[in-house]
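Fold and contact review
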Amino acid sequence: MKVTLQNLTKTYPSRTKGAPDVVAVNDFSFEIPDGELIGLLGPSGCGKSTTLHLLSGLQKPTDGKIFFGDDEVTNLPAEHRGVGLVFQNYALYPHLTVYQNIVFPLQNLRGKDKLTKEQMKEKATAAAKLVQIEDYMDRKPAELSGGQQQRVAIARALVKMPRILLLDEPLSNLDARLRLQTREEIRRIQKETGITTVFVTHDQEEAMSISDRIVVMKDGVVQQIGKPQQVYDQPANLFVATFLGNPPINLFSGSVKAGKLYIDKDCIMDVPALPDRTFVTVAVRPEGFVPAADGALCCKLQRVEIMGRDVSVVCSHPGSINSVVRAIIRAEKSVNTANAEVHFSLDARKVFLFDPDSGARLDTVAQ
Ligand code: ADP
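Counting starts from 1 at the beginning of each chain's written sequence and moves along it residue by residue. Given that the model is predicted, a residue must reach a pLDDT of at least 70 before its local features are reported, and side-chain atom pairs must reach 80 or more before they are shown or counted; all residues, however, enter totals for whole chains, interfaces and linings. Note that the side-chain values use all heavy atoms of the structure and ignore hydrogens as well as water.

Taken together, Tyr 12, Arg 15, Val 22, Ala 24, Pro 43, Ser 44, Gly 45, Cys 46, Gly 47, Lys 48, Ser 49 and Thr 50 make up the full set of residues adjacent to the ligand. Here an oxygen atom of the ligand sits 2.6 Å away from a polar atom, N or O, in the main chain of Gly 45. Any pair of nitrogen or oxygen atoms within 3.5 Å is treated as a polar contact; in protein, a donor-acceptor pairing is required on top of that, and neighbouring residues in sequence qualify only through side-chain atoms on both sides. Between the ligand and Cys 46, the relevant distance is 3.1 Å, taken from an oxygen atom to a main-chain nitrogen or oxygen of the residue. Notes on the ligand: free accessible area 560 Å², of which the protein chains cover 65%. When residues in the shell around the ligand are grouped by element, the largest group, three residues, is from helix α1 (residues 48–56). Three classes are used: nonpolar for Ala, Val, Leu, Ile, Met, Phe, Trp, Tyr, Cys and Pro, charged for Asp, Glu, Lys and Arg, and polar for all others, with Gly counted as polar. Across the shell around the ligand, the residue classes tally to five nonpolar, five polar and two charged. Residues are labelled near a given molecule or strand when at least one of their non-hydrogen atoms is within 4 Å of it. Accessible surface is estimated by sampling points in the Shrake-Rupley manner with a 1.4 Å probe; for residues, cover comes only from the protein chains shown. Here a strand is any run of E in DSSP of at least two residues, a helix any run of H or I of at least four, and the numbering for each starts at the N terminus.

Below, the structure written as structure tokens:
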């Protein structure tokens, strides 16, 4: 089911006297194509959960409209929207078994939707099989691992075959290994069911790996929407560039003079299309540094960290905004650690320029 958000805004009244209202979601417009998994990504407080609550019907927007397919649902109560919701804390009923938890939403159906016991059992079993929890039907939630509890919560959200599935930080309470496993599970289940899904997370790696498209938010405002690789390769502004990527992108204070880009005194590349600027923020992805004896960027070597497949070269540069510069290079490419200095040339596709004040992208340096 296609989902359309049209100029969606949610304002909360300020709790402090005299302080302005909180604009949790600000003029958010987006069309989620049928069957896609969308990752809503941004730091805490950027408006992700509010957006999800507006979609679920738990909250009403101050302005704007929401459509599921061609139906406007803006004022439709949550229980009539046909959404499946999964939260971070699973929210299972502790005194009910796995089966009773999963079947619970079906027992509330009334009128023409009312199901027989057999029909309920059939649907609950199918949902349990989908999340691979069918062997634990008689257990109570406390007798399950965190990952298994989250599977039960997903089965419960899916049992009514919702029109859309909404997941609010569903992996946050799991340990690292289970996170990865459950993340893959969610993707498999979503692909198998084809349900349009919105997945909220503050974890960029999680969003990048699971989503068809990511929406990066900051202070209630959408910063960029695109396929994960596209957003990583072509960040719209400095916030997106720094939010995505691990290790994070390296920032330098630079300048443009007569078609050349400088970081401190090092003339690092030609930028013929750019006018002169006294201050420009130069952002370089860690994989954009290429060790080269005649490389223009001259850094002071601090240490080399072996990571197996890759090597992390930690150094400093007078133009660096961060405390260290971190370059990631392939392990077989050697860096002479006997020298105090290391020279890099830069891969132009991994270098982005931004206005230091507004954070706006000035241009790609790619030639
Ligand atoms: P996120 O999910 O990205 O952490 P939220 O959507 O929960 O962000 O919150 C967005 C902003 O709205 C935050 O500044 C938060 O403090 C504020 N906010 C959220 N819920 C309420 C509420 N019920 N009343 C007042 N302010 C709220």
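We now examine the packing of helix α2 (residues 98–107) against helix α3 (residues 117–130). Here the axes come from fitting lines to C-alpha atoms, over the contacting stretch only for helices, and the angles between their N-to-C directions go from 0 to 180 degrees. Contact geometry for α2 and α3: axes closest at 9 Å, N-to-C directions at 125°. By the angle between their axes, α2 is oblique relative to α3. As for how α2 packs across α3, the hand of that crossing is right-handed. Packed against α2, whose contacting residues are Tyr 99, Ile 102, Val 103, Leu 106 and Gln 107, the element α3 presents Met 120, Lys 121, Lys 123, Ala 124, Ala 127 and Ala 128 at the interface. Broken down by class, the residue content of the contact of α2 with α3 amounts to eight nonpolar, one polar and two charged. Comment on the angle field: the value is read as roughly parallel under 35 degrees, roughly antiparallel over 145, roughly perpendicular from 65 to 115, and oblique elsewhere. For any helix crossing, the convention is left-handed if the near helix is rotated counterclockwise from the far helix by under a right angle, and right-handed if that rotation is clockwise. Contacts are assigned to residue pairs with any non-hydrogen atoms lying within 4.5 Å of each other.

Reading across the sheet, the five strands line up as β15-β19-β16-β17-β18 and stay open at both edges, with antiparallel pairing between neighbours. If you trace the sheet from one side to the other, it starts and ends with β15 (289–291) and β18 (325–330), each paired once. Recorded for the sheet is a direction-independent mean angle of 50° between the axes of neighbouring strands. By the bridge criterion, six bridges tie strand β16 (residues 297–306) to strand β17 (residues 310–316) in an arrangement that is antiparallel. Bridging from a neighbouring strand, Arg 303 pairs with Val 314 of β17. When DSSP finds two or more bridges between two strands, those strands count as paired.

A side-chain nitrogen of Lys or Arg and a carboxyl oxygen of Asp or Glu constitute a salt bridge if their distance falls within 4 Å. One pass over the full model with this rule turns up 16 salt bridges. A salt bridge links Asp 71 to Arg 163, with the nearest nitrogen and oxygen atoms 3.2 Å apart. Residue Asp 71 is located in strand β5 (residues 71–72), and its partner Arg 163 is located in the loop between α4 (146–158) and β7 (164–168); the two are separated by 92 residues in the primary sequence. Its relative accessible area of 42% is what places Asp 71 among the partly exposed residues. Lys 112 is the salt-bridge partner of Asp 113, the closest N and O atoms lying 3.5 Å from each other. Only protein chains enter the accessibility calculation, which uses a 1.4 Å probe; a residue is then buried when its area is under 20% of its type maximum, exposed when over 50%, and partly exposed in between. Accessibility expressed as a relative area gives 39% for Asp 113, which makes it partly exposed.

This part covers the packing of α4 against helix α5 (residues 176–193). One can describe the packing of α4 onto α5 by two numbers: an axis separation of 10 Å at closest approach and a directional angle of 20°. Judged by the angle between their axes, α4 and α5 are roughly parallel. Once α4 is placed against α5, the crossing between them reads as right-handed. Here Gly 147, Arg 151, Ile 154 and Leu 158 of α4 come into contact with α5, specifically with Leu 178, Thr 182, Glu 185, Ile 186 and Ile 189. Along the lines of polarity and charge, the residues of the contact of α4 with α5 split into five nonpolar, two polar and two charged.

The next thing to look at is the pairing of strand β1 (residues 3–12). As a general feature of sheets, a regular strand has side chains that alternate between the two faces. When β1 meets strand β4 (residues 63–68), the two strands line up antiparallel, connected through five bridges. Within β4, the position partnered with Leu 5 by the bridge is Ile 66. In this structure, β1 lies alongside strand β2 (residues 22–32), joined through seven bridges in antiparallel fashion. Bridge pairing in β2 places Lys 10 opposite Val 25.

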